[in-house]
Amino acid sequence: MIPGVDGRVAIVGGSSSGLGYAVAELLAVSGARVMVVSRSEERAAQAVDRIRAAGGGSVEGCAADFTDGGAPAAVVSAARDAFGVPEIVVANGGGPPGMPATTATAADLTAACELLLLPVQRFAELTLPDMRSAGWGRIVAITSIAAREPLQGLVLSNALRAAVTGDLKSVSDEVAADGVTVNTVCPGFTATDRLGVLAANVAERDGVTTDEVFAGWAETAPVGRLLRPDEVASAVGFLCSEAASGITGVALPVDGGLGRSLV
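A few points on the structure. Quick caveat, the model's predicted, so the values are computed rather than measured. (Residues numbered from 1 in each chain as written. Predicted model: local features only at pLDDT ≥ 70, side-chain atom pairs only at ≥ 80, totals over all residues. Heavy atoms only, no water.)

Some thoughts on the overall build of the protein
Next, step 1: In terms of regular secondary structure, the protein is built from eight helices and seven strands.
Next, step 2: Taken against the 2.2 N^0.38 rule, which gives 18 Å for 263 residues, the C-alpha radius of gyration of the protein at 18 Å falls within 12% of a compact globule.
Next, step 3: Counting every position in the protein, which comprises 263 residues, the buried fraction comes to 46%.
Next, step 4: Long-range contacts, defined as pairs at least 24 residues apart, comprise 74% of the intrachain contacts of the protein with a sequence gap of at least 6. (Helix = DSSP H or I, 4+ residues; strand = E, 2+ residues; numbered from the N terminus. Rg over C-alpha atoms; globule rule 2.2 N^0.38 Å. Buried < 20%, exposed > 50% of the residue type's maximum accessible area, 1.4 Å probe, protein only. Contact = heavy atoms within 4.5 Å.)

Concerning the pairing of strand β4 (residues 88–91)
Next, step 1: A two-sided burial pattern is seen for β4, the buried positions comprising Ile88 and Val90 on one face and Val89 and Ala91 on the other.
Next, step 2: Pairing geometry for strand β1 (residues 9–12) and β4, over three bridges, is parallel. Across the sheet, alanine 10 pairs through a bridge with isoleucine 88, a residue of β4.
Next, step 3: Pairing between β4 and strand β5 (residues 137–142): four bridges, direction parallel. Bridge assignment links alanine 91 to a residue of β5, and that residue is alanine 141.
Next, step 4: Where the polypeptide runs from β4 across helix α4 (residues 106–134) and back to β5, its parallel neighbour, the crossover connection is right-handed. (Pairing = 2+ DSSP bridges. Right-handed = clockwise from strand over helix to strand, strands pointing away.)

Some remarks on the side chain of arginine 161
Next, step 1: With respect to the helices, strands and loops of the structure, arginine 161 is situated in helix α5 (residues 155–175).
Next, step 2: Filtering out sequence-adjacent residues up to four positions away, arginine 161 remains in contact with Gly95, Pro96, Leu116, Ile142, Thr143, Ser144 and Ala147.

Some remarks on helix α3 (residues 71–82)
Next, step 1: Across its twelve residues, α3 extends 17 Å between first and last C-alpha, which sits within 8% of the 16 Å expected from 1.5 Å per residue.
Next, step 2: Residues of α3 that are buried: Ala71, Pro72, Val75, Val76 and Ala79. Looking down the long axis of α3, one finds its buried residues gathered within 135 degrees of arc, a one-sided arrangement.
Next, step 3: Looking at the buried residues of α3, the elements they touch are β1, β2 (33–38), β3 (59–63) and α4.
Next, step 4: Residue glycine 84 follows α3 closely and has a positive phi angle near 125 degrees. (Expected span 1.5 Å × (residues − 1). Arc of directions from axis to C-beta.)

Below is the structure:
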C-alpha cells in the first residue's frame with residue numbers, strides 16, 4: 001500500500017502487463033482512481049478485471065497506441081470522463097527493438113523517438129497546466145538502467161531513454177515550485193515479457209539458450225537475480241505519493257545494485 005494517493009486520479013501507460021500492470025495495481029489497491037492503458041482493448045479489460053479482483057475498486061481501461069500522436073490526448077480525455085482531472089501520470093510503454101549502433105538508421109531513431117520520447121512530452125503538455133493550477137501533481141516515467149549506463153546492442157533504448165531523462169529533468173526545474181514533482185525510474189533486469197523478448201534475441205545472436213542469458217543477466221547485479229515487477233512498482237508508487245513531495249528531478253535506479261556509479 002502506498003500512502004498519500006487515496007482518491008488521486010492516475011494514468012498508467014502500458015499497464016496491461018509487466019511493470020505498468022504492477023504499478024497500476026499498486027496504485028489502485030492504495031486507493032487511487034486508475035486508468036489502465038494498453039494497445040489492446042481486450043488486454044486493458046482483462047487487466048482491469050485482475051486489478052479489481054486484487055482489491056482495486058476504482059479502475060477503468062482504454063486502448064491507445066502511443067506511436068499515434070493523438071493517443072495521449074484520447075487517454076487524458078478518457079481519464080477525465082471516468083474520474084476527473086489526472087493528477088498522476090506514469091509514462092510507460094514498450095521498448096524499441098534491439099540493434100547495434102552501427103546498423104541503426106535515422107528512420108530507426110525517429111521511430112524510437114515516436115515510441116519513447118514524444119508520448120512523455122505530450123502527456124506533460126496535456127496534464128501539467130491542471131497540476132500546476134491545483135498545486136499538486138506527479139509525473140513519473142519508467143525508463144531503463146540504459147539511461148544511466150548504456151547496454152550493448154540496445155542503441156535505440158540507450159539514446160531515447162537518456163533523452164526522456166533529460167527532458168523531464170528540465171521540466172522538473174520549471175514546475176517544482178507549483179507542487180508538481182517529475183521523476184524517472186530506471187529499472188535493471190526485471191522479469192517481464194519484454195525481457196523475455198530481449199533474451200531470445202541475445203540467445204539467437206550468441207548461440208546460447210535463453211536460460212543462459214537470464215542467468216548471465218542475474219549475475220551482473222549484486223542481488224544475484226532478476227528483479228520482480230512489484231519491486232520496481234514500489235519505487236514508482238512512492239514517487240507518486242505525498243511522502244515523496246521533496247523528491248523531484250531524479251533518475252532513480254531500481255536495479256539490484258547493477259549500476260556502479262556513486263551518484
